[in-house]
Amino acid sequence: MLRLLDGARAAGQHPPVPQGGSGELSGPQVVGPGTEHPPADLAKFHAPEIVFGPGALAELGHCALRVGARRPFLVTDPGLLEAGWADEAAGHLRLAGIRPVVWDAVTPNPKDHEVEAAYERYVETTADVIIAVGGGSVIDAAKGVAILSGNGGRILDFEGVDKVVHPIPPTIMVPSTSGTGADVSQFAVITDTGHRTKITIISRTLVPEISVIDPRLLVTMPEPLNAATGLDALTHAVEAFVSPAHNPLTDQRALHAVRLITGALPETVERPRRAGPRVAMAQGALEAGMAFTNAILGATHAMSHQVGGLLDAPHGVLNGVLLPHVIRFNAEADPSRFVPLAEAAGLDARSMPAAEAAEWLAQRVRLLADSVGVPRGLAELGVSARDVPTLARTTLKDACLTTNPREASYTDIEALFRLAL
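Residues numbered from 1 in each chain as written. Predicted model: local features only at pLDDT ≥ 70, side-chain atom pairs only at ≥ 80, totals over all residues. Heavy atoms only, no water.

A. Seen up close, the pairing of strand β9 (residues 210–213). Both faces of β9 are covered, namely the face carrying Ile 210 and Val 212 and the face carrying Ser 211 and Ile 213. Sheet topology note: the strand β1 (residues 49–52)/β9 ladder contains four bridges and is parallel. Directly across from Ile 50, in β9, lies its bridge partner Ser 211. (Buried < 20%, exposed > 50% of the residue type's maximum accessible area, 1.4 Å probe, protein only. Helix = DSSP H or I, 4+ residues; strand = E, 2+ residues; numbered from the N terminus. Pairing = 2+ DSSP bridges.)

So, in structure tokens, the structure goes:
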């Protein structure tokens, strides 16, 4: 992915997309000096094994056995314990003859010290396979434990791309929200409590062995979490589609995710226990997750990570506030990639200028955020004008900014934060 991205950056354009059709494919070639680089249109796609559908949680024990679990470390949080999902998961493991160790001391926006405390418990109990039952925070914390188990050190040492150099234990993820994509991604986001920022860890080793997606778990989400994670998933799809590292495999999933999420998210608010919208949101979050873990993200996430680290604010809500402003910023340079996204969100854009379609999409995102109760500005979430210079400065260090389709300077990011206040 990085070589493809570097080539795209050097050329100032997206990587070429294979077209098929009338062209011809070559036969065997002699491999030697000068042939070590892959074709420019080569696509790489990371994905775990996926078990999907209502009742999928019952397969957890069999999944754990398949990856060699004997004493799995089950990471969850107090909310999942109260809702009963952690107990159901542990029950399925016990039915398979496995005795889990449960760790539930995880808070939203998982903290560096929480990950390290969980790792110490993991070592003490001689656990093996790591299982997460929860939202993105729980899943990221579980990935952090896996990183430390295989690599040692402190979790903040692994910020950036491909810093996880040694293998990690097998991981199984059971998402309880419809939006983070952490259960299929090569990302982990951890809060650096000393600097009050978030770090992003990107490594193919973080793609789980198995993701068990049971839409039943979504019905116990508090309404603010439902809104936040739904908007997070939508942001994943939009940013993955316009990323310079996109390819046909990510494009199809991103567009279908936009279609599913924009159609289903409002219904989950009105009828939270109805199966259809919950299944659609589970699938939309899954497809958006598969898109972004392979195409990476952009300025919206780079910015929201900083606010989340500073104020411990809900990540998806921040994305819902920031995304319309970032769409407009990126569309000023090239609005064309936003046309298919607008069409997926319900616009008939066949005779419309691309810039108008991009603006319609920005407004559609804002209207969707309004419909699920997301604030209109960052100030309502506690951000002040005096925070902006620090937020802009730390945004420039975030790995997600690398794949924003438009280069963004400190001045650009500062202006976007001020627009979003």
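B. Local environment of the side chain of His 246. Mapped onto the elements, His 246 comes out in the loop between α7 (223–242) and α8 (248–270). The exposure class of His 246 is buried, given its relative accessible area of 4%. Among the polar contacts made by the side chain of His 246, one reaches the side chain of Asp 251 at a distance of 3.1 Å. Polar side-chain contacts of His 246 include one of 3.2 Å to the side chain of Arg 337. (Polar contact = N/O pair within 3.5 Å; in protein donor to acceptor, adjacent residues only side chain to side chain.)

C. Up close: empty space enclosed by the protein. What the rule picks out here adds up to four cavities of 30 Å³ or more. A volume near 80 Å³ is recorded for the second largest cavity. Looking at the lining of the second largest cavity, the element that brings in the most residues is helix α9 (residues 275–295), giving three residues. Among the residues making up the lining of the second largest cavity, the classes are represented as seven nonpolar, five polar and two charged. (1 Å grid on protein atoms, 1.4 Å probe; cavity = no way out; pocket = protein on both sides within 12 Å on 5 of 7 lines; lining within 4 Å. Points joined across faces, edges and corners; volume = space filled by probe spheres on them. Nonpolar A, V, L, I, M, F, W, Y, C, P; charged D, E, K, R; others polar.)

D. Structural context of the sheet that holds β1. Read from one edge to the other, the open sheet built from six strands follows the order β1-β9-β6-β4-β2-β3, with strand pairing classed as parallel. At either end of the open sheet lies a strand with only one pairing partner, and these are β1 and β3 (101–103). The mean inter-strand angle of the sheet, taken between neighbouring strand axes irrespective of direction, is 15°. Inspection of the sheet shows strand β6 (residues 171–175) paired to β9 by two bridges, in the parallel sense. Paired with Ile 172 across the strands is Ile 210, a residue of β9. Contacts between helix α4 (residues 85–95) and the sheet are confined to β2 (73–75) and β4 (130–134), with β2 contributing the most and set at about 160° to the helix. Its contacts with the sheet put helix α6 (residues 136–151) on β2, β4 and β6, and the angle it makes with β4 is roughly 165°. (Axes fitted to C-alpha atoms, helices over the stretch in contact; angles between N-to-C directions. Contact = heavy atoms within 4.5 Å.)

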